[in-house]
Amino acid sequence: MMGLGRNLITLLQATLADKTGVTPQSCLSTHFRITPFDVGLRVLKSDRYLQLAEAAQLDFMLRTRRAVPLVRAGIGFVNAAQLVRFVQPIGLFQRVQVNTRIVFADERCAYFSHQLCVQGALHAEVLVKMKFKQGRRTVPPHELLGDCPADKPGHLVAWDQALAAS
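Residues numbered from 1 in each chain as written. Predicted model: local features only at pLDDT ≥ 70, side-chain atom pairs only at ≥ 80, totals over all residues. Heavy atoms only, no water.

## Focus: the pattern of salt bridges
- For the structure shown, the criterion picks out 8 salt bridges.
- Note that Asp-38 and Arg-6 form a salt bridge whose closest N and O atoms lie 2.8 Å from each other. Taken as a pair, Asp-38 in the loop between strand E1 (28-33) and helix H2 (46-63) and Arg-6 in helix H1 (residues 2-16) lie far apart in primary sequence, 32 residues in all. A single burial state applies to Asp-38 and to Arg-6, both of which are buried.
- With its nearest N and O atoms 2.9 Å apart, the salt bridge here joins Arg-63 to Asp-59. Of this pair, Arg-63 and Asp-59 both sit in helix H2, 4 residues apart, which is roughly one turn of that helix.
- Within the structure, one salt-bridge network assembled from shared partners comprises Arg-6, Asp-38, Asp-47 and Arg-48. (Salt bridge = Lys/Arg side-chain N within 4 Å of Asp/Glu carboxyl O. Helix = DSSP H or I, 4+ residues; strand = E, 2+ residues; numbered from the N terminus. Buried < 20%, exposed > 50% of the residue type's maximum accessible area, 1.4 Å probe, protein only.)

And the structure:
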């Protein structure tokens, strides 16, 4: 339930945000406060990292003006895989800045990076491999996002190899 509430608040904030000069090639930041509903005893629960990334991804799609045209065209976005790298725990009531950007895109998937920072220090990174689907058709990301980074970083190559091996 907390994820739905956070997404609704994100929807409202992103709708009201200044979108001047924002493109899919931008690195966008959004902020969240960690509440008692997000923690186990005193630190952020592991599934909440994915919820923060989901809300940040929604913010990204709205602020880059991609969400409404996608919905109108009957295109949805599906997370094909997610990977979390934990660096430091995030505590109760801390303010988290999530920096979202597209790291790479090919003909089938766009790879998003969501870096979770507290007071400027990296605490975690969530990588999301995302597909755009229109019915059964996979829509190439460049049709929706324009030019995206074309050089696939080594850590994404290794991740795809690990996914293929499993």
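## Some details on the environment of Thr-10
- On the secondary structure map, Thr-10 appears in helix H1.
- In this structure the C-alpha to C-alpha distance between Thr-10 and Phe-60, which are 50 residues apart in sequence, comes to 10.0 Å.
- Every residue in contact with Thr-10, bar those within four places of it in the chain, is listed here: Phe-32, Ala-55 and Asp-59. (Contact = heavy atoms within 4.5 Å.)

## Considering the nonpolar core
- Core analysis: the largest hydrophobic core is formed by 36 residues, its most contacted members being Ile-90, Phe-112, Leu-116 and Phe-132.
- For this core, the secondary-structure elements that each account for two or more residues are E1, H2, helix H3 (67-72), strand E3 (95-105), strand E4 (110-118), strand E5 (121-134) and helix H4 (141-145).
- No other element matches H2, which puts 8 residues into this core.
- Excluding residues within four positions of it along the chain, Phe-132 makes contact with Met-61, Leu-70, Ile-75, Gly-76, Phe-77, Ala-110, Arg-137, Thr-138, Val-139, Pro-141, Leu-144 and Leu-145. (Core = buried A, V, L, I, M, F, W, Y, C linked by side-chain atoms within 4.5 Å.)

## With respect to the packing of aromatic side chains
- Summed over the entire model, instances satisfying the criterion amount to 5 aromatic pairs.
- Judged by centre distance (4.9 Å) and plane angle (85°), the ring pair of Tyr-49 and Phe-86 falls under edge-to-face. On the criterion of sequence distance, the pair formed by Tyr-49 in helix H2 and Phe-86 in strand E2 (residues 76-86) is long-range, its members being 37 residues apart.
- Residue classification places Phe-86 among the partly exposed positions, given a relative accessible area of 47%.
- Arranged with centres 6.4 Å apart and planes meeting at 65°, the rings of Phe-77 and Phe-132 form a pair that is edge-to-face. (Phe/Tyr/Trp six-rings, centres within 6.5 Å; stacked < 30°, edge-to-face > 60°.)

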